Amino acid sequence: MIANLIRRILPRGLLAIAMVLIAGCLFLTRAQTSSKGRVEAFARLPDWSGIWELDAFVGQADGQQFSADGQRRLKYYAAALRPSFTPEYQARYDEIQKKVEAAVAADPAHPPVTHQPLCDPPAFPAILTPGMFQWRVTPEETTFISTVGAVRHIYTDGRSHPPKDELWPTLMGDSIGHWEGDTLVVDTIATKRRLYMSELSGFFVPMSDQLHFIERIRMINPDRMQIDYTVEDPVALTKPIHATIIHARVTDFNRMIEETDCEENERDPIVNGRFTTVVK
Amino acid sequence: MRSTFRISAVAVLGFVGTSAFAHHSRAMFDQTKQVELVGTVKDFQWTNPHCWIQVLVPNPGDPSAPPVEWGVEMGAPVELMRKGWKPGSLNPGDKVTIVVNPLRDGQHGGLVLSVTGPDGKIIGRPAVTTQ
């Protein structure tokens, strides 16, 4: 009826313009409502902006030496992380450790390569220690960005992990999360089936396909982020590992610059499974 | 220090060391020894994964002998920049004094601990983060 009235009053061209304008207004109103909801969703999230690093690296002097506090932190982290392996996995650990010990003793000047390929980003959870980090917190996803060449996507849109037949071990695994107040609770599976051990020159021990991580991440003061984490693996561990690491706000630098382009000038090539150095 | 740390350490979470030295072990350097190199910069390589200084070191006991070239290793550029270094902090011809932990294998190389530039001042500064 209203349309008929308008049709009688307005010429056809003007009618078309009016319809477009009305549709446009309706669309804008809806978009504004939706954008308001999104702004509110962002406003509920904590501000994790800035650049961060492992607190043990704080105050590192020129020449790569740790500060006294940094050394204390590293010892504390190491002491807190003593996995209790099942007999089968303890035997594997002992065997690997023995091999590494023998290799180190055979040629202390050229340490054996016991890491993963060294210029790839370290797998989760090792990615939480070297370099500098940034967090991008959005309603749908929290993203962890590292200067050593890795990005972790933690989905917080309510999804579950993919079904098992769509998962395989990857460097970062599959992470989903949810917020409990200002704490991000993260559940990670499908990582590489191994844990890094820093004994000797550092090595990995195999874990099972049941390896599972739960992190609780929160800002404990404006300059510190605390990550409480649990490592579960009922096949490889007799009990879960519970530990904490802390990231400190970086205040002397404001750029993220990658540092993993080893092809640019690799002068510590691996020869016969050992580190060497090209001095000229 | 690192050696005592390694004895008891079982760190699940990761690479112990600075980020640059995540990429290879520091065990190749003798961290119980320090060597002072007084010489002239031949080349300063501001590169990933490590920066390097090529330095020509004359033998003070025999000035007529050709200088020995050392290749000494530092952190990644981003780490050095945080410590006050810049790509142009050293140039060929600069007179420097460099303190290193030498390589264990006897080659003329090492891990740089400090560099004193032509003006007699140590280059760079300690990194600063909130305590």
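The notes below deal with the structure included here. (Residues numbered from 1 in each chain as written. Chains lettered and ligands numbered in written order. Predicted model: local features only at pLDDT ≥ 70, side-chain atom pairs only at ≥ 80, totals over all residues.)

Helix and strand counts for chain A stand at four helices and 13 strands. Buried positions account for 34% of the 280 residues belonging to chain A. By sequence separation, contacts in chain A at least 24 residues apart represent 49% of the contacts at least 6 residues apart. (Helix = DSSP H or I, 4+ residues; strand = E, 2+ residues; numbered from the N terminus. Buried ≥ 20, exposed ≤ 12 C-beta atoms within 10 Å, placed from the backbone. Contact = placed C-beta atoms within 7 Å.)

In this section: the sheet that holds strand β4 (residues 95-102) of chain B. Read once around its circumference, the closed barrel built from five strands follows the order β1-β2-β3-β5-β4 (chain B), with strand pairing classed as mixed. Each adjacent strand pair in this sheet contributes to an overall mean axis angle of 55°, direction not counted. (Pairing = 2+ DSSP bridges. Axes fitted to C-alpha atoms, helices over the stretch in contact; angles between N-to-C directions.)

Moving on, we get to the environment of Ile257 of chain A. Residue placement: Ile257 of chain A occurs in the loop between β11 (241-249) and β12 (270-271). Take Ile257 of chain A: there are 15 C-beta atoms within 10 Å of it, and that puts it in the partly exposed class. Distance from Ile257 of chain A to Val148 of chain A, taken between C-alpha atoms, is 8.8 Å for residues 109 residues apart in sequence. Once residues lying within four places of it in the same chain are set aside, the contact partners of Ile257 of chain A are Thr147 of chain A together with Val78 of chain B.

Before going further, it helps to spend a moment on the pairing of strand β5 (residues 174-180) of chain A. All names here are of chain A. Strand direction decides the pairing type here: strand β4 (residues 150-155) and β5, joined by two bridges, are parallel. By the bridge assignment, Tyr155 is partnered in β5 with Ile176. Where β5 and strand β6 (residues 183-189) come together, seven bridges link them in antiparallel fashion. Residue pairing across strands places His178 opposite Val185, the latter belonging to β6.

A word on the sheet that holds β4 of chain A. If you walk around this closed barrel you meet the nine strands as β1-β2-β3-β4-β5-β6-β9-β10-β11 (chain A), and the pairing is mixed. Strand-to-strand twist across the sheet, computed as the mean angle between neighbouring axes with direction ignored, equals 30°.

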